[in-house]
Amino acid sequence: MQGNLPPEAQEKLEELQDLQEKAQQVATQKQQAETQLQESETALEELDDIDEDSTMYRSVGELLVQTSYDDAEEDLEEKVENLELRVETLTKQEERVQEQFEELQTELQNMLGGMGGGGGPGGPAGGPGAGD
């Protein structure tokens, strides 16, 4: 199909495919950050059920190192804050990429006009928002 397209349309199609790949990368990063956030929030909640005088350990690479309750709580709270910010940033980036994708897709469809190029690459299911 690409061999029949004008050079400008081929360029737009390549940009569209690049944006789709970028959208998938951002979605993967966001999913990983959300998982880490959920795990950190759960750990922070579990900390509430632990006696502050209990002996506690944290994982540092391959080792378990003794730590205080206050240090563990402070570190987890900081981690949660950072991960919330990361998820928020990735959400905004995801929205920007989606907007760029839709604009570029519209441009490509307008460029192809009557060439029967409807549907676009991968169709609606292949867009950046697929699988959310």
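Owing to the predicted nature of the structure, the values given are computational and were not obtained by experimental measurement. (Residues numbered from 1 in each chain as written. Predicted model: local features only at pLDDT ≥ 70, side-chain atom pairs only at ≥ 80, totals over all residues. Heavy atoms only, no water.)

With respect to the element layout, Thr-67 can be found in strand S2 (residues 63-67). Taking the relative accessible area as the measure of exposure, Thr-67 reaches 14% and is therefore buried. Look past the residues within four positions of Thr-67 in its chain and what remains in contact with it is Met-56, Tyr-57, Arg-58 and Ala-72. (Helix = DSSP H or I, 4+ residues; strand = E, 2+ residues; numbered from the N terminus. Buried < 20%, exposed > 50% of the residue type's maximum accessible area, 1.4 Å probe, protein only. Contact = heavy atoms within 4.5 Å.)

Moving on, we get to the layout of surface pockets. Within this model, the largest pocket holds a volume of roughly 290 Å³. Considering the residues around the largest pocket, the lining is formed by 13 residues, among which Ala-43, Tyr-57, Arg-58, Ala-72 and Leu-76 are closest to the centre. Among the secondary structure elements, those contributing two or more residues to the lining of the largest pocket are helix H1 (7-48), strand S1 (56-60) and helix H2 (69-112). Residues belonging to the lining of the largest pocket are distributed by class as follows: 7 nonpolar, 2 polar and 4 charged. (1 Å grid on protein atoms, 1.4 Å probe; cavity = no way out; pocket = protein on both sides within 12 Å on 5 of 7 lines; lining within 4 Å. Points joined across faces, edges and corners; volume = space filled by probe spheres on them. Nonpolar A, V, L, I, M, F, W, Y, C, P; charged D, E, K, R; others polar.)

Side chains of Val-60, Leu-63 and Val-65 sit close together on the surface and give an oily, nonpolar patch of about 250 Å² of accessible area. You can see Val-60 is positioned in strand S1. (Patch = residues over 30% accessible without salt bridge, like charges linked within 9 Å, V, L, I, M, F, W, Y side chains within 5 Å. Areas by Shrake-Rupley, 256 points an atom, 1.4 Å probe, with all protein chains shown as cover. Salt bridge = Lys/Arg side-chain N within 4 Å of Asp/Glu carboxyl O.)

Okay, the confidence of the model for the chain next. On average, residues of the chain score 86 in pLDDT, and 83% of them are at 70 or above. Across the chain, S2 holds the top mean pLDDT of 95, while S1 sits lowest at 91. Note that pLDDT drops below 50 for residues 117-126; the model gives that stretch 5 contacts with residues more than four away or on any other chain. (pLDDT = per-residue confidence, 0-100.)

Our next topic: the nonpolar core. Leu-5, Ala-9, Leu-13, Leu-16, Leu-19, Ala-23, Val-97, Phe-101, Leu-104, Leu-108 and Leu-112 form the largest nonpolar core, which has 11 residues in total. When contributions to this core are tallied by element, the ones reaching two or more residues are H1 and H2. Of all hydrophobic cores here, the second largest spans 7 residues; its members include Val-26, Val-80, Leu-83 and Leu-90. (Core = buried A, V, L, I, M, F, W, Y, C linked by side-chain atoms within 4.5 Å.)

This part is about the packing of H1 against H2. H2 packs onto H1 with a crossing angle of 160° between their chain directions and a minimal axis gap of 7 Å. Looking at the two axes, H1 sits roughly antiparallel to H2. Crossing angle aside, the handedness with which H1 passes H2 is left-handed. Within the contact of H1 with H2, the residues separate by chemical class into 25 nonpolar, 8 polar and 15 charged. (Axes fitted to C-alpha atoms, helices over the stretch in contact; angles between N-to-C directions. Parallel < 35°, antiparallel > 145°, perpendicular 65-115°, else oblique. Left-handed = near helix turned anticlockwise from the far one by under 90°.)

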